[in-house]
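Each chain is listed here by its residues.
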Amino acid sequence: MAVPRFVFLDPDGTGACDWLYAVVEARTGVVYQQQYGGTACRQGQVEGFLVPLFGPDGLTALRELFEKHFRGAGTRNHAWPADERDRLRGAVGAIRYWASDGTSEQPHALRLDENRIRDADEAWVPVITPDGPAVLVWFNSD
């Protein structure tokens, strides 16, 4: 078995703060690591492949929810009442994932993975893509 490779997204925090990716879970031997959870500074990792995304309205909504509403303190073990869950679901749904079969591309809205919502935190949200389960990641505000 090959030795896994680790890629830390924005390791020194000096990258631009408008990036947005999905790491689709798959056995690739590449493990992406991410600091998330605002000032809680949690560390996550997921094996798979990285898909760049574009969704400025969704990213803005995510940042407003996690940085302003939750004050950048993270949401570990948060109960996610209906109104907050709706805000998160709407922000995620505003982001498009372009699926490709090698000859054509189609945009699809991301979906919040409701079965893993307890794992949702700033810069780390479980989602469903046309290619399978993934984690939506972006610049952590800490």
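About the thresholds
- Residues numbered from 1 in each chain as written.
- Predicted model: local features only at pLDDT ≥ 70, side-chain atom pairs only at ≥ 80, totals over all residues.
- Heavy atoms only, no water.
- Helix = DSSP H or I, 4+ residues; strand = E, 2+ residues; numbered from the N terminus.
- Rg over C-alpha atoms; globule rule 2.2 N^0.38 Å.
- Buried < 20%, exposed > 50% of the residue type's maximum accessible area, 1.4 Å probe, protein only.
- Pairing = 2+ DSSP bridges.
- Salt bridge = Lys/Arg side-chain N within 4 Å of Asp/Glu carboxyl O.
- Contact = heavy atoms within 4.5 Å.
- Expected span 1.5 Å × (residues − 1).
- Arc of directions from axis to C-beta.
- Phe/Tyr/Trp six-rings, centres within 6.5 Å; stacked < 30°, edge-to-face > 60°.

Undergrad: Is there a simple way to explain the overall build of the protein in this structure?
TA: What the protein contains, in helices and strands, is 2 helices and 9 strands. Mapped from its N terminus to its C terminus, the protein presents α and β elements in the order β-β-β-β-α-α-β-β-β-β-β. Its C-alpha atoms give the protein a radius of gyration of 15 Å, near enough to 14 Å, the size a compact globule of 142 residues would have. Seen through its C-alpha atoms, the protein measures out along the principal axes to roughly 40 × 30 × 30 Å. Out of the 142 residues belonging to the protein, those deemed buried represent 41%.

Undergrad: Any chance you could explain the pairing of strand E6 (residues 105–109) here in plain terms?
TA: The side chains of a regular strand alternate, residue by residue, between the two faces of the sheet. As paired elements, strand E5 (residues 96–100) and E6 share 5 bridges and run antiparallel to each other. What sits directly across from Trp 98, in E6, is Pro 107.

Undergrad: How should I be thinking about the pattern of salt bridges in this particular structure?
TA: Between side chains of opposite charge, pairing is possible as soon as their charged atoms come close. Going through the model one piece at a time under the given rule, you end up with 7 salt bridges. Of the charged contacts, one joins Arg 63 and Glu 67 as a salt bridge, the two residues approaching to 2.7 Å between their closest N and O atoms. A residue pair is termed a helical-turn pair when its members lie 3 or 4 positions apart in one helix, as Arg 63 and Glu 67 do in helix H1 (residues 56–69) at 4 residues. Its relative accessible area of 24% is what places Glu 67 among the partly exposed residues. Its salt-bridge partner being Asp 113, residue Arg 116 comes within 2.8 Å of it at the nearest N-O pair.

Undergrad: When you look at the sheet that holds strand E7 (residues 111–112) in this model, what are you seeing that I'm missing?
TA: Strands in a sheet are paired, the pairing made by backbone hydrogen bonds, and the direction either parallel or antiparallel. With mixed pairing, 7 strands are arranged side by side in an open sheet as E1-E3-E4-E2-E9-E8-E7. What marks the edges here is a single partner per strand, and that holds for strand E1 (5–8) and E7. As judged from the 2 bridges shared by E7 and strand E8 (residues 125–129), these two strands associate in the antiparallel manner. Counterpart to Leu 112 in the pairing with E8 is Val 127.

Undergrad: Looking at this structure, how should I read the pairing of strand E3 (residues 30–36)?
TA: In this sheet, E3 lies alongside E1 in parallel orientation, the contact comprising 4 bridges. Paired with Phe 8 across the two strands is Gln 33, which belongs to E3. Following E3, the chain reverses through 5 residues before pairing antiparallel with strand E4 (residues 42–52); Gly 37 in that reversal takes a positive phi of roughly 85°.

Undergrad: How should I be thinking about the environment of Phe 139 in this particular structure?
TA: Relative to the assigned elements, Phe 139 resides in the segment after strand E9 (132–138). Along the primary structure Phe 139 and Gly 38 are separated by 101 residues, whereas in three dimensions their C-alpha atoms are 9.5 Å apart. Beyond its immediate stretch of four places on either side in the chain, Phe 139 contacts Asp 10, Gly 13, Gly 15, Ala 16, Cys 17, Trp 19, Glu 122 and Ala 123.

Undergrad: Mind showing me how you'd approach H1 here?
TA: It helps to recall that an α-helix has 3.6 residues per turn; residues three or four apart then point in one direction. Over its 14 residues, H1 extends 18 Å from the first C-alpha to the last, a length consistent with the 20 Å expected when each residue adds 1.5 Å. Residues of H1 that are buried: Gly 58, Leu 59, Leu 62, Leu 65 and Phe 66. The arc that holds every buried residue of H1, seen down its axis, measures 130°, which confines them to one face. Turned more than 90 degrees from where H1 packs its buried face, Asp 57 and Lys 68 sit exposed. Buried-residue contacts for H1 involve strand E2 (20–25), helix H2 (82–93), E8 and E9. Immediately beyond the C-terminal end of H1, within one or two residues, lies Arg 71, with a positive phi of roughly 60°.

Undergrad: Would you mind showing me how to read the packing of aromatic side chains here?
TA: Here a ring pair, both rings aromatic, is described through the centre-centre distance and the interplanar angle of the planes. One pass over the full model with this rule turns up 6 aromatic pairs. Ring geometry for Phe 66 versus Trp 80: centroids 6.1 Å apart, planes at 70°, classification edge-to-face. One end of the pair, Phe 66, is in helix H1; the other, Trp 80, is in the loop between H1 and H2, with 14 residues separating them in the sequence. On the basis of relative accessible area, Phe 66 is assigned to the buried category, the value being 1%.

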